[in-house]
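# Examining the three-dimensional arrangement
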Number of protein chains: 2
Amino acid sequence: MRKSDIQTVRKLALFSDMSDECFETMLQGAFLQRFPSAVVLIGEGEPADFLHIVVDGCVELYATTNGRESTMAVVRPVATFILAAVLADAPYLMAARTIESSQILMIPAENLRDAMKNDAELTRAVVNELANSYRSVVKTLKNHKLRSGVERLANYLVSTHENQGANGRIYLPVEKKLLASMLGMTPENLSRAFATLKPYGVRVKGADIEISLIDDLRVLAKPNELIDNPRS
Amino acid sequence: MRKSDIQTVRKLALFSDMSDECFETMLQGAFLQRFPSAVVLIGEGEPADFLHIVVDGCVELYATTNGRESTMAVVRPVATFILAAVLADAPYLMAARTIESSQILMIPAENLRDAMKNDAELTRAVVNELANSYRSVVKTLKNHKLRSGVERLANYLVSTHENQGANGRIYLPVEKKLLASMLGMTPENLSRAFATLKPYGVRVKGADIEISLIDDLRVLAKPNELIDNPRS
DNA sequence: CGACGATTTGAATAGGATCAATGGGAGTGG
DNA sequence: CCACTCCCATTGATCCTATTCAAATCGTCG
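These numbers were taken from a predicted model, which means no experiment stands behind them.

Procedures and definitions
- Residues numbered from 1 in each chain as written.
- Chains lettered and ligands numbered in written order.
- Predicted model: local features only at pLDDT ≥ 70, side-chain atom pairs only at ≥ 80, totals over all residues.
- Heavy atoms only, no water.
- Helix = DSSP H or I, 4+ residues; strand = E, 2+ residues; numbered from the N terminus.
- Buried < 20%, exposed > 50% of the residue type's maximum accessible area, 1.4 Å probe, protein only.
- Lys, Arg positive; Asp, Glu negative; His and termini not counted.
- Salt bridge = Lys/Arg side-chain N within 4 Å of Asp/Glu carboxyl O.
- Expected span 1.5 Å × (residues − 1).
- Polar contact = N/O pair within 3.5 Å; in protein donor to acceptor, adjacent residues only side chain to side chain.
- Phe/Tyr/Trp six-rings, centres within 6.5 Å; stacked < 30°, edge-to-face > 60°.
- Lys NZ or Arg CZ within 6 Å of the ring centre and 35° of its normal.
- Near = heavy atom within 4 Å.
- Nonpolar A, V, L, I, M, F, W, Y, C, P; charged D, E, K, R; others polar.
- Contact = heavy atoms within 4.5 Å.
- Buried area = accessible area lost by both parts, 1.4 Å probe.
- Domains from an automatic or database assignment.

### Examining the side chain of D119 of chain B
With respect to the secondary-structure elements, D119 of chain B resides in the loop between α4 (109-118) and α5 (120-146). There is no salt bridge for the buried D119 of chain B, and the closest opposite charge comes from R10 of chain B, which lies 7.1 Å off by N-O distance.

This is the structure:
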């Protein structure tokens, strides 16, 4: 690993408070590697040999069964994925693939577990990250069990609108096909959901979306702090 | 708290390896209390003041938004709930209520967090519990995003059949209304799903279910280790 | 330019929800 | 102990949502 890369990693919230010594030991045998788009990084059911961290780019977590496939989450820098599998020393429940050219840091699972034994600050940060990951999945599950497809889309648009400056337009950061899978619907259904939102000021031009009646959209979406707010 | 209760708690996997000193300090200000059925223990959005542990009985975790309600999980002894909220010092994402007369241990959130600073074994156990909770929610989400209602029911029956001795019959441990909500459907739809499974050897008499063609049922259900196995 | 995949639209179908009505038990109070 | 009540559960009818299959269009990339 190059020195500049190490510095990038060192600044991650997960590692910023741990001791230099533990940090360096932990990185023995770690990789920071760049992958092109569409590379499968880990497969469902494989043993959790490495903790992965998205340093740059974008990674999709997805799951399959019985020929079906669904997107579980999209991970953007800087965040870990499959932390729980590493800590439980259990097989991955989700597969992961790059959806852009991405830089991934891979830390041997055992290194992380050993480092946690020796560094309380690291452990504290790991617990924090894990607790927030848990809460994130719970929110996703609530989103799916309590809302219809159109409502999920409307809330996605409302949140994204705020994250992107709340200036009446959105740029979709992912393909519609992937967005559909994130929202738990087919691409066809997503198209129709967008059409349904037209009376609420939603106009689609490729990845550019115009949000002209945000208040109306919010009335339909009824955003909920405990589902849509990534913090809290 | 009575001495016998303390001994019960002491044996929980979460606490069994921690030091006596930390354990006793942690229990300062803790309650072990019995509640009747249908008592709301915590509400969605409330601050996480206590870690709750189901020592006896049964607790439903549920979520609401916009007038709708859905069961997120059912917690049986001996297990914690809302551990993540306590660790993240964040509001509860799910509400909890007893569905039987239940004995609940409540430990002040700050006590737990302090104890973790002083006791590495406790921390290790908490990380383990949290990682497994995370994996459990991920499995639930996969179940919902990748399967139809009938398939979810079929898989529930297959798992329950195994857990209850695989002898051709099941006793439903929860009301059908609650089961329907767990499985993400209406009670009416659950009734119809049971009817759909009749050709697969599923016969319903109240809470007693006869499973006469388990192999056929498994062919329909297509159980998946990474969704249906609580371990792994 | 041409091929391929993404997106959209239409039509038909399936899956699930809602509304309404009825049957069944469990628990309560007389 | 029995009648009553309440709520759970089932069934029918209908409506709405979402998926599937098909086909046309659009864009992008080699």
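### Side note on helix α5 (residues 120-146) of chain A
All names here are of chain A. The end-to-end C-alpha distance of α5 is 39 Å, a good match for the 39 Å that 27 residues give at a rise of 1.5 Å each. Counted residue by residue, α5 has 19 buried out of 27 residues, so it is predominantly covered. Measuring from the side-chain oxygen of the N-cap residue of α5 to the backbone nitrogen of E121 gives 3.0 Å; that N-cap residue is D119.

### Regarding the packing of aromatic side chains
As enumerated under the stated definition, the model contains four aromatic pairs over all chains in all. Ring geometry for F31 of chain B against F50 of chain B: centres 6.0 Å apart, planes inclined by 65°, an arrangement best described as edge-to-face. Residue F31 of chain B is located in strand β1 (residues 31-35), and its partner F50 of chain B is located in strand β3 (residues 50-56); the two are separated by 19 residues in the primary sequence. The side chain of R10 of chain A reaches across the aromatic face of F23 of chain A, ending 4.5 Å from its centre.

### Quick notes on the protein's contact with DNA strand D
Around DNA strand D sit 14 residues in total, of which G149 and N189 of chain A together with K177, S191 and R192 of chain B are the nearest. Here DNA strand D approaches the protein such that, of its atoms within 4 Å, sugar and phosphate make up 57%. Between DNA strand D and R192 of chain A, the relevant distance is 3.4 Å, taken from a base oxygen to a side-chain nitrogen or oxygen of the residue. Each residue belonging to the surface near DNA strand D can be placed in one class, and the counts come to one nonpolar, six polar and seven charged.

### Let's talk about the interface of chain A and chain B
The interface is formed by 50 residues belonging to chain A together with 50 residues belonging to chain B. Here chain A packs against chain B, burying approximately 4200 Å² in sum over the two surfaces, 73% of which is carbon and sulfur. It is L93, Y134 and K145 of chain A that lose the most area in chain A upon contact with chain B, and together they represent 18% of the buried surface on that side. Taken together, chain A and chain B are joined by four salt bridges. Note that R68 of chain A and E151 of chain B form a salt bridge whose closest N and O atoms lie 2.8 Å from each other. Summed over the shared surface of chain A and chain B, the number is 20 residue pairs in polar contact (both at pLDDT 80 or more). Put simply, the parts of the chain that give the side of chain A that touches chain B at least two residues each are β4 (59-65), β5 (68-75), α3 (83-88), α5, α7 (176-182) and α10 (225-228) of chain A. When residues in the side of chain A that touches chain B are grouped by element, the largest group, 18 residues, is from α5 of chain A. Here the side of chain A that touches chain B is built from residues that sort into 23 nonpolar, 17 polar and 10 charged.

### Thoughts on the domain arrangement of chain A
Quoted interface sizes are often the accessible area lost when the parts come together. Residue and element names in this part refer to chain A. Assigned domains within chain A: domain 1 (3-145) and domain 2 (147-228). Taken residue by residue, the interface counts 12 residues in domain 1 and 11 residues in domain 2. Summed over both sides, the interface between domain 1 and domain 2 buries roughly 1000 Å², with carbon and sulfur atoms accounting for 51% of that surface. For domain 1, the biggest contributors to the area lost against domain 2 are T71, N143 and H144; these three give 46% of the whole. For the side of domain 1 that touches domain 2, the per-class residue count stands at two nonpolar, four polar and six charged.

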